[in-house]
Amino acid sequence: MFCSNCGASLNNQSHFCSSCGTKVASPNAGAMGKEQPDARGQADLTEKLIGKNAAYYISRWARPGQRKGWNWATAFWWFLWLGYRKMYRDLIFVNFAFVLGTTFVELIGRPDLILGLNAGLFVYFGMYGNVYYRNHISKLEQKHLSNPALYPVEKIGGTSVGGIFIALGVGVLGSLISVMITGF
């Protein structure tokens, strides 16, 4: 059984949510199996996982079709945006792919192609950053609902200024690796 307000797991005898304090309508409701939060509880969970600018992302995701609008922040600062939004695995993967790409074009003697790599990432994250982030939030929702105690919203969701510094550190490390490989 889950809280209809925050999505936290409740035991069957609960009268109040131990996470947010909301009164539980029927302590024995949903005693069998796992329930998903209702629509309002799901929306609240999504907002809490997004953190800052939740209204922006939710409005973009409500648009019909695959294309969810251009996102200037992700286009210009995709690298820092990944860290700020706590998408560390993606940050490391994209950085690793970028380092491989830039190292390759340096080794073949075509450093002019680095601009093309940057332009490709600019367009990709600008066009699909909102969809990319929606997929990330969906995974976090599933994680949290599978075990709210292990994956609390406050820990797995929201934003992190420290993530920007992690992104900068990953970028510097990637640049150093590239320089060590290419020799300049």
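Because the structure is predicted, anything quoted here is derived from the model rather than measured. (Residues numbered from 1 in each chain as written. Predicted model: local features only at pLDDT ≥ 70, side-chain atom pairs only at ≥ 80, totals over all residues. Heavy atoms only, no water.)

K.L.:
Explain the overall build of the protein to me, using residue names and the numbers behind them.
P.N.:
Looking only at helices and strands, one finds seven helices and zero strands in the protein. Secondary structure elements of the protein occur, N-terminal to C-terminal, as α-α-α-α-α-α-α. Residues classed as buried in the protein amount to 39% of the 184 residues present. In the protein, the proportion of contacts linking residues at least 24 apart, taken out of those at least 6 apart, comes to 64%. (Helix = DSSP H or I, 4+ residues; strand = E, 2+ residues; numbered from the N terminus. Buried < 20%, exposed > 50% of the residue type's maximum accessible area, 1.4 Å probe, protein only. Contact = heavy atoms within 4.5 Å.)

K.L.:
I'd like a description of the pattern of salt bridges, backed by residues and values.
P.N.:
According to the stated counting rule, one finds two salt bridges in the structure shown. The closest approach of N and O atoms between Arg 110 and Asp 112, which form a salt bridge, is 2.9 Å. For Asp 112, a relative accessible area of 48% gives the class partly exposed. Between Arg 134 and Glu 141 there is a salt bridge whose closest N-O contact spans 3.6 Å. (Salt bridge = Lys/Arg side-chain N within 4 Å of Asp/Glu carboxyl O.)

K.L.:
Any chance you could break down the side chain of Thr 46 for me, citing the residues and the numbers?
P.N.:
If you trace the backbone, Thr 46 turns up in helix H1 (residues 39–50). Filtering out sequence-adjacent residues up to four positions away, Thr 46 remains in contact with Ile 58, Trp 61, Arg 134, Ile 137 and Glu 141.

K.L.:
Which residues make up the nonpolar core, and what values go with them?
P.N.:
Grouped together as the largest cluster of nonpolar side chains are 24 residues, with contacts concentrated most on Trp 81, Leu 82, Phe 125 and Tyr 133. Listed by contribution, the elements that provide at least two residues to this core are H1, helix H2 (54–61), helix H3 (72–84), helix H4 (88–107), helix H5 (114–146), helix H6 (153–156) and helix H7 (161–182). The biggest single contributor to this core is H5, with seven residues. Aside from chain neighbours lying at most four places away, what touches Tyr 133 is Leu 49, Ile 50, Tyr 57, Trp 61, Trp 81, Arg 85 and Met 87. (Core = buried A, V, L, I, M, F, W, Y, C linked by side-chain atoms within 4.5 Å.)

K.L.:
Let's hear about the packing of aromatic side chains: which residues, and what values?
P.N.:
For the structure on display, the rule yields 18 aromatic pairs. Their ring planes at 55° and their centres at 5.7 Å tell us that Trp 70 and Phe 122 sit as a pair that is tilted. With Trp 70 in the loop between H2 and H3 and Phe 122 in helix H5, this pair connects stretches of sequence that are 52 residues apart. The class of Trp 70 is partly exposed, set by a relative accessible area of 22%. (Phe/Tyr/Trp six-rings, centres within 6.5 Å; stacked < 30°, edge-to-face > 60°.)

K.L.:
Talk me through the confidence of the model for the protein; I want residue IDs and the actual numbers.
P.N.:
Residues of the protein with pLDDT of at least 70 account for 80%, and the chain-wide mean is 84. Here H1 is the element of the protein with the lowest mean pLDDT, 86, and H3 is the one with the highest, 94. Ignoring residues within four places in sequence, the model shows residues 27–34, a span with pLDDT below 50, making 16 contacts including any to other chains. (pLDDT = per-residue confidence, 0-100.)

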